[in-house]
Amino acid sequence: SGFPTGRPDPHRPRVEGMRIFALSGSLRRGSYNSMLLHAAERLGPPEAEFDHYDRLGELPHYDADLDTETPPEPVADLRSRIAAADGVLIATPEYNYNVPGVLKNAIDWASRPPMAAVLRHKHVAIMGAAPGNFGTVRAQLALRQSFLWIDSFVVGKPEVIVFRAGERFDADGTLVDEGTT
């Protein structure tokens, strides 16, 4: 829907031909969060195209001295793929009540320079899966705080928190829990 004037809501992403940059905050093979992103693609609108990012481990630690007109190639790739997307979908694990360092590092690279960052005014949705009873509640909260500064449009609801993730996916990595889908 739109505003009362009939104009489209700029905070609501379009669906037809929508391109989603899908970022798992885990480097682990067999990651529940990577599985969750693939489940979101299967369950999402068929018109949406998902660009699954698989280079998280290649990003150097953020260093302003490397953030020049020609940043390291993995950084340039990250930024161009986010810029080409209509929105970003992040699946984060939770480590020590917070976001994994590799994910925070990617967000730091994508949030510079502040007024021209590829994440500025970008629609962002956050979800997560973890083996514990609380899922990724605290990591998602910490991640939302980062996006306030970046000036992204963060989806507030629904919150997608997959707890006891090992019970929700089958051996092939398919989300099989009806309550989660």
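Residue positions are counted from 1 within each chain, in the order its sequence is given. The model is predicted, so local features are restricted to residues of pLDDT at least 70 and side-chain atom pairs to those at 80 or more, both for listing and for counting; the totals for chains, interfaces and linings are taken over all residues. Hydrogens and waters are ignored; side-chain quantities use all the structure's heavy atoms.

A. Geometry of the side chain of T136. Helix numbering and strand numbering both begin at the N terminus, where a helix is a DSSP run of H or I of at least 4 residues and a strand a DSSP run of E of at least 2. Note on placement: T136 falls in the loop between β4 (123-129) and α4 (137-150). For this analysis, a polar contact is any N or O atom pair within 3.5 Å, provided that within protein one partner can donate a hydrogen and the other can accept it, and provided that sequence-adjacent residues contribute only side-chain to side-chain pairs. Of the polar contacts made by the side chain of T136, one reaches the side chain of Q140; its length is 2.8 Å. What makes two residues a contact is simply this: any of their non-hydrogen atoms within 4.5 Å. In this structure, T136 is in contact with T92, P93, E94, M127, G128, A129, A130 and I161, ignoring residues within four places of it in sequence.

B. Structural view of the packing of aromatic side chains. Ring pairs shown here join Phe, Tyr and Trp side chains whose ring centres sit within 6.5 Å, with only the six-membered ring taken for Trp; geometry is labelled stacked below 30 degrees between planes, edge-to-face above 60, and tilted in between. Tallied over the full model, the rule gives three aromatic pairs. Its end group placed over the ring of Y32, R28 keeps NZ or CZ at 5.3 Å from the ring centre. The criterion is that NZ of a Lys, or CZ of an Arg, lies within 6 Å of the ring centre and within 35 degrees of the ring normal, and then a charge sits over that ring. Across from the ring centre of F163, 4.6 Å away, lies the NZ or CZ of R168, which sits over that ring.

C. Structural view of helix α2 (residues 73-83). Every buried residue of α2 is accounted for by P74, V75, D77, L78, R79, R81 and I82. Buried-residue contacts for α2 involve β1 (19-24), β2 (49-53), β3 (87-91) and α3 (101-110). Burial classes: relative accessible area under 20% of the type maximum marks a residue as buried, over 50% as exposed, and values in between as partly exposed (1.4 Å probe, protein chains only).

D. Layout of the pairing of β1. The buried count for β1 comes to five of six residues, which makes it a mostly enclosed element. Here is how to tell: hold the view so the strands point away, follow the path from the first strand over the helix to the second, and if it runs clockwise the crossover is right-handed. As a crossover connection, the stretch from β1 through helix α1 (residues 32-43) into β2 is right-handed. Strands qualify as paired when DSSP identifies two bridges or more between them. Strand direction decides the pairing type here: β1 and β3, joined by five bridges, are parallel. By the bridge assignment, F21 is partnered in β3 with V88.

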